[in-house]
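# A closer look at the structure
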Amino acid sequence: MSAGLAAALAREENRGRAASEDAILGIEAAALARLRHVRTMRSAAVAAGSAVVVGVAAWAITSTTEPSTLAAPTSAIVTDAPSPTPDTGTDLADDGFDSYLATADLSAEALIAGSTPRVLGEEPDTPRQAALLCEMDPDINPWRGATATTSTLTETKACEAVWVGDGPVWTPDFVTSRLVSRAGDYEATVALDWVLQWNAPSSSTLTIDQAAISATLATEPDTISAPGLRTRGAYVGESLWVSPTQRLAVMGNATSPVVMDPAYSAVIGGVEITTQGPGSTLHSQALWAIAAREATPQVVVQVRVPPTGEAGAQELILEIELEPENGLWGNGDLAGLPAEDLMAGAEPRSRDDAARPDRQAASVCELPDALRARTTYIGSEWSPEIDVLECDPVWLGDPLFAAQAQDATALEGMPATYVQWLLTNTAGDAVRAGVPMLLVETRPASDATAGDLTMFDSLAVAPSAWTADGHRMVPLSDMVGSIFTQHVQPGNYLSNAANMSAEAWMLGPERDPDRVRRALANGAQTTSLVTVPFRDDDSRVLVLEVPMGDTLSSDSP
């Protein structure tokens, strides 16, 4: 479990809390407590249960090949541990890590006023924040008068490289990222995801524009080069330097300012970039080299700091270097197959179909705008957008995941109210997968509606998932894609757990959890639901349905 992961996802009130599994899981419990406030949301259900945002951290455990190391979430007590110390190459002041970070006024105007030139190959005497200062005609500033909140982010402009602040604004200790890739004969893909956890000392806040965060990848970052590939939210090339004092900035036409609050805030985002093979007019040699792992890129996220007033003649963009080689789930992982690839040869499925153990059951869900993947701001009052959707059932090709029997000690030390389920990737290839839910159907031959579904943690209970018109009910949230998706490698595990107690009830009609546990003990039909995002279509999601049989681990009465 990486220290960067815990620092990025599991830091609530004590910055730099330890990366122990207990700390991560304990903070997940706090997330669950916050989520219980969403019970009154209209037509709501939680797709990932207690694994909301900080719960993503627990997924690192599921990528192990030892089922005995899997732990049920929300069960542990948070313990304190020493804070991480940044490797800066300089001595920190006696008063600790906070003295190393930028302080004072972090407004765009103040940072610009204190900026100094940045030159290729040179470093300041003391660490400062890398940034870009873009001078422009206010009348053609793309952010001036912008009303949209989602930007194409496909324009680039040569801007002055500068240093700002009296120290770094963001440091690697509070930035977590993951870079995975896949290169075939005719196409290559690179997927980059990140978590920017705010780490300012004292009460410092910073306003950033979450609609103007872009990723850049450079294969020869310390050189001056010609422009590279521009695509939605990303830039890939040999270098961003166009002169010894100027670098390319990625710009857009939308704005959505948010305040990074030191009490608890983070921004989660990601991009996926593809290129055609050599010889194609759509070929990027730099991207191909990264995807084929022939080049290790410098990865920098550019973050706009909007002015206090209306956008005008100057724009400030912070440059935050990521370290994806210290990614969430290890080095060398292959980018998982997206839903587009899995849908090849899909056939309609109906409730009258006989069981087909040689095929993968699934449903295709059309997502309302509120559930579509985007850059996500996480604050202390954050809760997910959630809904129960009626989806189209389909049959896919060969099974992608299989239920995995668990060791008798899987829940050792856990409360008797816990149930845990475990899946194995049987696809022979990496597959993208969200944290799995468990669906319990007490009368699967009947019909049901969204109002019949109850959530206990990440476990959904309903008489049936079939509606009268032949659709499948699927509870989903906006935690689809990006950092919320794991690239599960062949033979690796995917697991989750839920607390079936009155305290863990989240929404829907109240049900006696003891009766649910007895239904499980008596063989109620159970299915694991695994979301797989589409690579090029955020309006849909594919949900795999994996029969669990008698493989659940629980102390059901």
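This is a predicted model, so every value here is computed, not measured.

### Some thoughts on the state of the cysteines
One pass over the full model with this rule turns up two disulfides. There is a disulfide in this structure between Cys134 and Cys159, and the S-S distance comes to 2.0 Å. Looking along the S-S bond of the Cys134-Cys159 disulfide, the torsion reads about 105 degrees, which is the right-handed sense. Residue Cys134 is found in strand E2 (residues 129-135), and its partner Cys159 is found in strand E3 (residues 155-164); the two are separated by 25 residues along the sequence. Residue classification places Cys159 among the buried positions, given a relative accessible area of 1%. Each sulfur in the disulfide pair Cys365 and Cys391 lies 2.0 Å from the other.

### Re the sheet that holds strand E13 (residues 265-276)
Read across the sheet, four strands follow the order E4-E5-E13-E18 without closing on themselves; strand pairing throughout is antiparallel. With one partner strand each, in any of the chains shown, strand E4 (175-183) and strand E18 (376-379) form the two edges of the open sheet. In this sheet, adjacent strand axes meet at a mean angle of 10 degrees when their direction is disregarded. As paired strands, E13 and E18 are joined by four bridges and run antiparallel to one another. In the strand pairing of E18, Ser265 is matched with Gly379.

### Let's talk about the confidence of the model for the protein chain
Per-residue confidence for the protein chain gives a mean pLDDT of 78; residues scoring 70 or more make up 77%. This model gives residues 326-330 a pLDDT under 50, and the stretch forms 17 contacts once residues within four places in sequence are excluded.

### Examining helix H7 (residues 513-521)
Buried residues of H7: Pro513, Val516, Arg517, Ala519 and Leu520, and no others. Mapping the buried residues of H7 onto a view down its axis gives an arc of 155 degrees, with all of them on the same face. Among the residues of H7, the N-terminal cap falls to Asp512, whose side-chain oxygen and the backbone nitrogen of Asp514 are separated by 2.9 Å. Downstream of H7 by a residue or two, Gly523 has a phi angle that is positive, lying close to 90 degrees.

### Some points on the nonpolar core
Trp170, Trp194, Leu196, Leu206, Ile208 and Leu318 are the most contacted members of the largest nonpolar core, which totals 42 residues. The residues contacting Ile208, other than those within four sequence positions of it, are Trp170, Ile213, Ser256, Pro257, Val258, Met260, Val267, Val303, Arg304 and Pro306.

Cut-offs and rules
Residues numbered from 1 in each chain as written. Predicted model: local features only at pLDDT ≥ 70, side-chain atom pairs only at ≥ 80, totals over all residues. Heavy atoms only, no water. Disulfide = S-S within 2.5 Å. Helix = DSSP H or I, 4+ residues; strand = E, 2+ residues; numbered from the N terminus. Buried < 20%, exposed > 50% of the residue type's maximum accessible area, 1.4 Å probe, protein only. Pairing = 2+ DSSP bridges. Axes fitted to C-alpha atoms, helices over the stretch in contact; angles between N-to-C directions. pLDDT = per-residue confidence, 0-100. Contact = heavy atoms within 4.5 Å. Arc of directions from axis to C-beta. Polar contact = N/O pair within 3.5 Å; in protein donor to acceptor, adjacent residues only side chain to side chain. Core = buried A, V, L, I, M, F, W, Y, C linked by side-chain atoms within 4.5 Å.

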